[in-house]
Number of protein chains: 2
Amino acid sequence: VTPRLLVLGGDAAGMTAASHVRRSAPEVEVVVMERGPYTSYSMCGIPYYVGGLIESASDLVVRTPEEHREAGIVVHTHSEARSIDAEARTVRVVDLRDGTEREEPYDALLYAVGAHPTLPSVPGADEHGFGVRTLDEGVRLRHALSRLQPDAKIVVVGAGYIGIELAEALVQRGYRAVLLDRSAQVMKPLDPEMAEYVEKRLVEFGIRVSMGEELLEVRGSDGRVTAVVTDKGIHPADFVILSASSRPSVGMAVRAGCTLGDSGALWVDGRMRTSVPGIWAAGDVVESVNLVDGSRHNVQLGTHANKQGKVAGIDLVAVLRGEEGGDATFDGHVGTAITKVCEWEIARTGLTERECVDGGIDYAAVHFSGTGTAGYLSDPGIVHVKMLAEAGTGRLLGAQLVGNEGGVGKRIDVAATWCQLRLTAQEAQFIDLAYAPPFGGVWDLLQIGARKLVGQLGLSPQL
Amino acid sequence: VTPRLLVLGGDAAGMTAASHVRRSAPEVEVVVMERGPYTSYSMCGIPYYVGGLIESASDLVVRTPEEHREAGIVVHTHSEARSIDAEARTVRVVDLRDGTEREEPYDALLYAVGAHPTLPSVPGADEHGFGVRTLDEGVRLRHALSRLQPDAKIVVVGAGYIGIELAEALVQRGYRAVLLDRSAQVMKPLDPEMAEYVEKRLVEFGIRVSMGEELLEVRGSDGRVTAVVTDKGIHPADFVILSASSRPSVGMAVRAGCTLGDSGALWVDGRMRTSVPGIWAAGDVVESVNLVDGSRHNVQLGTHANKQGKVAGIDLVAVLRGEEGGDATFDGHVGTAITKVCEWEIARTGLTERECVDGGIDYAAVHFSGTGTAGYLSDPGIVHVKMLAEAGTGRLLGAQLVGNEGGVGKRIDVAATWCQLRLTAQEAQFIDLAYAPPFGGVWDLLQIGARKLVGQLGLSPQL
């Protein structure tokens, strides 16, 4: 008999696994259920599409359902899974176009349904607010924006990566943008003093930033937004975009018996197996280990979804062939993230100072500013750097970069590698990093930080 | 009695060590002999100064002799060491301004006199050619250029980093530049197919490139250059710059008994001690270990000179205090280098394919092209990537990057870290590198390379 892999969710994690199994195990039937009309698209590209930097939504689609079908994967779009029977190994699926329901059997199930936005449950939000989580929503949003007055005032609720990228895109298109969040700082994955550089830049760019303000109501009349009401006052508005954070969509898996981890996302082992036999999970629904401090977090990033999908695919092939398991494991993350907004590059990896404090870690932190090229070149740019290391050992715990020089952001990958490989600040001083005047001073910024950390911790040798 | 440290050479290595000893050991007398008028300047900045991107030569000087003197270091400029008596612990020094000679005693000697260009010994080269190795020469060169016709034709002999950077600067200033080298390719630290991208770009930028051509004569009359004669023909020219490679200035140290290494530069141990008691060496005069294959090379880079100077300074303080030695060692390099020319960024680390072949290493190489941002963004740029890994183990051996997207070059630091920490391509796939559309695809270029290497070597797991 033909073993049957059923994949719930047709984006990064699901389709990466499906494609791997399709290529590696011709004997397996691979079936995908996707709720929306698209597969394999770049969620991170949505703000650029909404902002008009990308012409067509299809540019964000890496592979269409048709292309997957041509590769031999059975793809059902507009098909939403409703419940899993882990004993019978079946999934109840509804066709969203006609409401018909059916049972889909499986030998192995990959649960990769992603996350859903936690929209504020305030009056008017559902009726008047536009979401921006899926490409579907992005298309609706862009269409709605095109019908606004050129200088319409748009309130973006949620000052995370997507919210900020959207606010920038709106200002670039000529709208007046207000960025609003109940948090005290923009971009919570940064420490407050680093987030301040970002906020300052947003304001300079023309975005009105209102932090520490809680949304209470979205007001409208005749189907049009008129104002946003917060605990601080009333913002007249022509349009509202809700870009709140997203929660992993674990419900169906939990009802099937899958264990949740500390983070509230699905627990999985290194091979992406849940606690229920026959069910794997990958992508935004799972939690993974932070390799710096061993804590477990739900990190919703396409880069992890891809890697986890591949690891799951490798294991699925092995198991469906009766072997013990695949030889790949996803061991965790170090919390690397990056964005570019208002021409500035912002990046982080490892733990923030706040996370060190909360985790009871004895640490040193350094915070300094440098240039993106040699200081004697014209317009050398500015880069703000924060780095952390563990007291006693000197082990590097984290880094944050905010700067206006091209390429600054991706330098976080060096710090990410250092954190993931458990390098100490003492050792980091001796890594053979590249130097030439257009790229910085003779001491790389990250090595200046390492030297400062060694000095502050009283460790040796300090260069 | 006051212990006396004598430093020969007042640039990166020498002054870094001198400054460290000055700060850490107030009881030591620190004396520096520098042949030229400057101390502590950025040699790498000279092409930018010659090209007019930097107004004044003094902008390249990090710290002047006066500033060092204020810090308590005795600095003699225009003072050239002629011979070392390692038994008596004295150095014979000549004052270049008046020709007077004297003996300078030492308890410890740091030999940091750098390198000297290997100018072609062809007729007319001495008389008509301009060098570009020291800031002194840079000042003379810029002055001489200012007296040329705006569209003068300038031949640059030597297609290494400095030669290429100079040719670019000349074209930007409106001159006609010819880049000439007897080597078959520009930028020998790259593999030929990667160097080809660079050569193509230079030509596109307006530089005439003549490779595989050997200089035979520099012709002139009335003190002015008229032509450059090579084995291939005659290039009419108004000016000639000789930017040939440089040899470590080891002569005086060798006569004092210091052992040379395989590379022809001075052998030193990890604390920068030569084979002669009482003599340390650092910077362009020494060789160091390539941590990838254990071979020893003379790498003339300011970044190593700074680190080695610091390591020497730490050891000098310990030894001058009667202790066994400093706790810092310079263990080696991985051959990281970078430049930016004609708006392109070029970087390399580890071994080239040629070096793998010459070293009898069993390896795999991958060579591919990608984009600097997500492909769906407008103008995503192009990045050419080459990576190498060892057969059997998958250990990463080297990487080369050539691209036109800002920030591409410094991504070499990730590969440099991987090579130095002996990471395998299998492991590299799982490093948590940053992803967002303005910075590339969901798979980082270096991880795409790692995956390809794993596949090509038939290793597991391959993502």
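Check the entry above for the structure.
Since the structure is predicted, the reported quantities are computational estimates derived from the model, not experimental observations.

Asks: Can you tell me about the sheet that holds strand β7 (residues 108–111) of chain A, naming the residues and giving the values?
Replies: Residue and element names in this part refer to chain A. The parallel open sheet is built from 5 strands, whose spatial order is β3-β2-β1-β7-β17. Strand pairing shows two members of the sheet lacking a second neighbour, β3 (74–76) and β17 (279–281), which therefore form its edges. With strand direction ignored, the average angle separating the axes of adjacent strands in the sheet is 20°. Judged from the 5 bridges that link them, strand β1 (residues 4–8) and strand β2 (residues 29–33) form a sheet pairing that is parallel. Counted as the bridge partner of leucine 8 is methionine 33 from β2. In the packing of helix α1 (residues 12–24) onto the sheet, the strands contacted are β1, β2, β3 and β7, and the crossing angle to β2 comes to about 165°.

Asks: Please provide a residue-by-residue account of the environment of Lys410(B), values included.
Replies: By the element assignment, Lys410(B) lies in the loop between β24 (396–403) and α11 (412–420). A relative accessible area of 4% places Lys410(B) in the buried class. Expressed as a C-alpha distance, the spacing of Lys410(B) and Pro26(B), which sit 384 residues apart in the sequence, is 39 Å. Apart from the residues lying within four places of it in its own chain, the contact partners of Lys410(B) are Arg411(A), Leu433(A), Ala434(A), Phe439(A), Asp444(A), Ile338(B) and Glu345(B).

Asks: Could you give an account of the interface of chain A and chain B, naming the residues involved and the relevant values?
Replies: Taken together, the 63 residues of chain A in the interface contact 62 residues of chain B. When the two sides are added together, the surface that chain A and chain B hide from each other amounts to roughly 5,400 Å², 66% of it contributed by carbon and sulfur. At the boundary of chain A and chain B, one finds 2 salt bridges. A salt bridge links Lys410(A) to Asp444(B); the shortest N-O distance between them is 2.6 Å. Joining chain A to chain B, the criterion identifies 24 residue pairs in polar contact (both at pLDDT 80 or more). If you list the elements that add at least two residues to the side of chain A that touches chain B, you get α9 (302–320), β20 (337–341), α11 (412–420) and α13 (445–457) of chain A. Looking at the side of chain A that touches chain B element by element, the count peaks at 8 residues for α9(A). Across the side of chain A that touches chain B, the residue classes break down as 31 nonpolar, 20 polar and 12 charged.

Asks: Requested: an account of the environment of Leu135(B), with residues and values cited.
Replies: Residue and element names in this part refer to chain B. Here leucine 135 shows up in helix α5 (residues 135–145). Spatially, the C-alpha atom of leucine 135 lies 9.0 Å from that of glycine 45, the residues being 90 residues apart in sequence. Setting aside anything within four residues of it in sequence, one finds leucine 135 in contact with Tyr38, Tyr41, Ile46, Ala57, Leu60 and Val61.

Asks: Provide a residue-level description of the relation of the copies chain A and chain B, including the pertinent values.
Replies: Two copies of the chain are present, and they differ by a rotation about an axis and a shift along that axis. Of the two same-sequence chains, chain A is brought onto chain B (RMSD 0.0 Å, axial shift 0.0 Å) by a rotation of 180°. Within this description, the copies of the chain are treated as partners about a two-fold rotation axis. Taking the C-alpha atom as reference, chain A places Gly407(A) closest to the rotation axis, 1.7 Å from it.

Asks: So what's going on with the state of the cysteines? Residues and values would help.
Replies: Residue and element names in this part refer to chain B. Using the criterion set out here, one finds 0 disulfides over all chains in the structure. You can see cysteine 342 has no disulfide; the closest cysteine sulfur is in cysteine 44, sitting 18 Å from it. Overall, cysteine 342 belongs to the buried group, its relative accessible area being 0%.

Asks: How would you summarise the pairing of strand β7 (residues 108–111) of chain B if you had to cite specific residues and measurements?
Replies: Residues and elements named next belong to chain B. Side chains Ala108 and Leu110 project from β7 onto one buried face, and the interleaved Leu109 and Tyr111 project onto a second face that is buried too. Direction of pairing for strand β1 (residues 4–8) relative to β7: parallel, over a ladder of 4 bridges. Counterpart to leucine 5 in the pairing with β7 is alanine 108.

Asks: A description of the packing of aromatic side chains should follow, citing residues and the corresponding values.
Replies: Under the counting rule described, the total for this entry stands at 4 aromatic pairs over all chains. When the centroid spacing of 4.8 Å and the interplanar angle of 20° are considered together, the rings of Phe130(A) and Phe239(A) count as stacked. With Phe130(A) in the loop between α4 (125–128) and α5 (135–145) and Phe239(A) in strand β15 (residues 239–242), the pair connects residues that are 109 residues apart, well separated along the chain. The side chain of Lys452(A) reaches across the aromatic face of Phe368(A), ending 5.2 Å from its centre. One cation-aromatic arrangement involves Lys307(B) over Trp443(A); the distance from NZ or CZ to the ring centre is 5.1 Å.

Asks: I'd like a description of the packing of helix α1 (residues 12–24) of chain B against helix α9 (residues 302–320) of chain B, backed by residues and values.
Replies: All names here are of chain B. Put simply, α1 and α9 touch, their axes get as near as 7 Å, and they point 35° apart. Crossing hand, α1 versus α9: right-handed. Contacts between α1 and α9 involve Ala12, Ala13, Thr16, Ala17, His20, Val21, Arg23 and Ser24 from the first element and Ala305, Asn306, Gly309, Lys310, Gly313, Ile314, Leu316 and Val317 from the second.

Asks: Describe the sheet that holds strand β9 (residues 153–157) of chain A, and please don't skip the residues or the numbers.
Replies: Residues and elements named next belong to chain A. If you walk across this open sheet you meet the 4 strands as β11-β10-β9-β15, and the pairing is parallel. Lying at the two open borders of the sheet, with one neighbouring strand each, are β11 (208–211) and β15. Direction aside, neighbouring strands of the sheet carry axes that sit 20° apart on average. When strand β10 (residues 176–181) meets β11, the two strands line up parallel, connected through 4 bridges. Of the residues in β11, the one forming a bridge with leucine 180 is serine 210. Relative to the sheet, helix α6 (residues 161–172) contacts β9, β10 and β15, its axis offset from that of β10 by approximately 165°.

Asks: Got a sec to walk through the pattern of salt bridges? Specific residues and values, please.
Replies: All names here are of chain B. Per the counting criterion, the structure on display carries 52 salt bridges over all chains. Notably, a salt bridge pairs glutamate 80 with arginine 35, separated by 3.0 Å at the nearest N-O pair. Pair noted here: glutamate 80 is in strand β4 (residues 79–85) and arginine 35 is in the loop between β2 (29–33) and α2 (46–50), with a separation of 45 residues, a long-range link.

Asks: Kindly report on unusual backbone geometry, identifying the contributing residues and their values.
Replies: Here Ser460(A) and Pro461(A) are connected by a cis peptide whose omega angle stands at 0°. Within the chain, Cys342(A) stands out as a residue other than glycine whose phi angle is a positive 50°. Inspection of the secondary structure puts Cys342(A) in the loop between β20 and β21 (344–350). A positive phi angle, close to 50°, is found at His78(B), a residue other than glycine. Following the sequence through the fold, His78(B) ends up in the loop between β3 (74–76) and β4.

Asks: Could you give me a rundown of α11(A), with the residues and numbers involved?
Replies: Residues and elements named next belong to chain A. Most of α11 sits out of view: 9 of its 9 residues are buried. Here α11 has its buried residues at Ile412, Asp413, Val414, Ala415, Ala416, Thr417, Trp418, Cys419 and Gln420. Directly beyond the C-terminal end of α11, a positive phi value near 60° is found at arginine 422.

Asks: Residues and numbers for the environment of Glu66(B), please.
Replies: All names here are of chain B. On the secondary structure map, glutamate 66 appears in helix α3 (residues 65–70). Residue glutamate 66 is classed as partly exposed on the basis of its relative accessible area, which comes to 44%. As for glutamate 66 and threonine 39, which are separated by 27 residues in sequence, their C-alpha atoms are 9.5 Å apart.

Asks: I'd love a proper account of the side chain of Asn306(B), names of residues and values included.
Replies: If you trace the backbone, Asn306(B) turns up in helix α9. Overall, the relative accessible area of 14% leaves Asn306(B) in the buried class. For Asn306(B), the side chain forms a polar contact with the side chain of Thr16(B), separated by 3.3 Å. The residues touching Asn306(B), leaving out its near neighbours within four places in the chain, are Val442(A), Trp443(A), Ala12(B) and Thr16(B).

Thresholds applied
- In every chain, residue numbers begin from 1 and rise along the written sequence.
- Each chain takes a letter, starting from A, and each ligand takes a number, starting from 1, following the order in which they are written.
- Where local features are concerned, this predicted model is filtered to residues with pLDDT of at least 70; where side-chain atom pairs are given and counted, the filter is 80 or more; whole-chain, interface and lining totals use all residues.
- The basis for every side-chain value is the complete set of heavy atoms in the structure, and neither hydrogens nor water enter the calculation.
- Strand pairing follows a simple DSSP-based rule, namely that at least 2 bridges must link the two strands.
- Helix and strand assignments follow DSSP, with helices taken as H or I runs no shorter than four residues and strands as E runs no shorter than two, numbered in order from the N terminus.
- Comment: axis = line fitted to C-alpha atoms, over the contacting stretch for helices; angle = value between 0 and 180 degrees taken between N-to-C directions.
- Whether two residues are in contact is decided by their heavy atoms, any of which lying within 4.5 Å being enough.
- Exposure categories follow from relative accessible area, calculated using a 1.4 Å probe and restricted to protein chains: below 20% of the type maximum is buried, above 50% is exposed, and the middle band is partly exposed.
- Put simply, buried area is how much 1.4 Å-probe accessible surface two parts lose in total, over both of them, once they are put together.
- For this document, the term salt bridge refers to a Lys or Arg side-chain nitrogen within 4 Å of an Asp or Glu carboxyl oxygen.
- Polar contacts, as counted here, are pairs of nitrogen or oxygen atoms within 3.5 Å of one another; within protein the pair requires one atom able to donate a hydrogen and one able to accept it, and residues that are adjacent in sequence qualify only if both atoms are side-chain atoms.
- Any residue that is not Ala, Val, Leu, Ile, Met, Phe, Trp, Tyr, Cys, Pro, Asp, Glu, Lys or Arg is counted as polar, Gly included; the first ten are nonpolar and the last four charged.
- A residue counts toward the fit only if its pLDDT is at least 70 in both copies, and the copies are then superposed by least squares on the C-alpha atoms of those residues.
- Cysteine sulfurs are considered disulfide-paired once they come within 2.5 Å of each other.
- Side-chain rings of Phe, Tyr and Trp (the six-membered ring for Trp) are treated as a pair once their centres are within 6.5 Å; stacked means planes under 30 degrees apart, edge-to-face means over 60, and tilted covers the remaining angles.
- Note on criteria: charge over ring means Lys NZ or Arg CZ within 6 Å of the ring centre, with the direction from the centre no more than 35 degrees off the ring normal.
- Throughout, a crossing is termed right-handed when the near helix is turned clockwise from the far one, and left-handed when it is turned anticlockwise from it by less than a right angle.

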